[in-house]
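Residues per chain, in single letters:
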Amino acid sequence: MPAKRRVSKVRDHRITDAAVAAFKANDEEALSWALGQKPWEYSPLEAEGECPHGPMHQQAHWAKAKELRAALEAAANAQTQH
């Protein structure tokens, strides 16, 4: 029985070496490309502190950017320790 091939719809942002390098270089365009972010998503480079647009505006995107920033910082620290 043939199996239908399809592209996975999972859109999690994977932390790759290219993403860590772009994060270290503060290259927002390359980081966005490496993470596969959408144009309306906040960059992890700017995600520090509270959301600048108030408590209700784009909270989910801001929280996601903060999580990505923490993961990128951890990966960058792990690379420098090796």
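Residues numbered from 1 in each chain as written. Predicted model: local features only at pLDDT ≥ 70, side-chain atom pairs only at ≥ 80, totals over all residues. Heavy atoms only, no water.

A. Summary view of the pattern of salt bridges. In the structure shown here, the tally under the stated rule is three salt bridges. Three or more residues joined by partner-sharing salt bridges are found here, namely Glu48, Arg69 and Glu73. (Salt bridge = Lys/Arg side-chain N within 4 Å of Asp/Glu carboxyl O.)

B. Layout of the environment of Glu28. Its place among the elements puts Glu28 in helix α2 (residues 28-35). For the pair Glu28 and Glu46, spaced 18 residues apart in sequence, the C-alpha to C-alpha distance is 9.2 Å. Once you skip the residues sitting within four places of it in the chain, Glu28 turns out to touch Ser43, Leu45 and Glu46. (Helix = DSSP H or I, 4+ residues; strand = E, 2+ residues; numbered from the N terminus. Contact = heavy atoms within 4.5 Å.)

C. Structural view of the packing of helix α1 (residues 17-24) against α2. For the pair α1 and α2, interaxial distance at closest approach is 8 Å and the crossing angle is 160°. One way to sum up the angle between α1 and α2 is to call them roughly antiparallel. α1 and α2 meet at a crossing whose hand is left-handed. Along the contact surface, α1 presents Ala18, Ala19, Ala22 and Phe23, while α2 presents Ala30, Leu31, Ala34 and Leu35. (Axes fitted to C-alpha atoms, helices over the stretch in contact; angles between N-to-C directions. Parallel < 35°, antiparallel > 145°, perpendicular 65-115°, else oblique. Left-handed = near helix turned anticlockwise from the far one by under 90°.)

D. The arrangement of the nonpolar core in detail. Ala19, Val20, Ala22, Phe23, Leu31, Leu35, Leu45, Leu68, Leu72 and Ala76 together form the largest nonpolar core, which totals 10 residues. Those elements that provide at least two residues to this core are α1, α2 and α3 (59-81). Sort the elements by how many residues they give to this core and α1 lands first, with four residues. Aside from chain neighbours lying at most four places away, what touches Leu31 is Ala19, Ala22, Phe23, Ser43, Pro44, Leu45 and Leu72. Core analysis: the second largest hydrophobic core is formed by five residues, Tyr42, Ala47, Cys51 and Trp62 among them. (Core = buried A, V, L, I, M, F, W, Y, C linked by side-chain atoms within 4.5 Å. Buried < 20%, exposed > 50% of the residue type's maximum accessible area, 1.4 Å probe, protein only.)

E. Structural view of the packing of aromatic side chains. Under the definition given, this model contains one aromatic pair. Summarising the aromatic geometry, the rings of Tyr42 and Trp62 are spaced 5.0 Å apart at their centres and angled 85° between planes, so their arrangement reads as edge-to-face. Here Tyr42, found in the loop between α2 and α3, pairs with Trp62, found in helix α3; they are 20 residues apart in sequence, far enough to count as distant. Assigned by exposure class, Tyr42 and Trp62 land together as buried. (Phe/Tyr/Trp six-rings, centres within 6.5 Å; stacked < 30°, edge-to-face > 60°.)

F. Inspection of the side chain of Ser43 at higher detail. For Ser43, the position within the fold is in the loop between α2 and α3. Among the polar contacts listed, one links the side chain of Ser43 to the backbone nitrogen of Leu45, at a separation of 3.1 Å. Every residue in contact with Ser43, bar those within four places of it in the chain, is listed here: Glu28, Leu31, Gln37 and Ala65. (Polar contact = N/O pair within 3.5 Å; in protein donor to acceptor, adjacent residues only side chain to side chain.)

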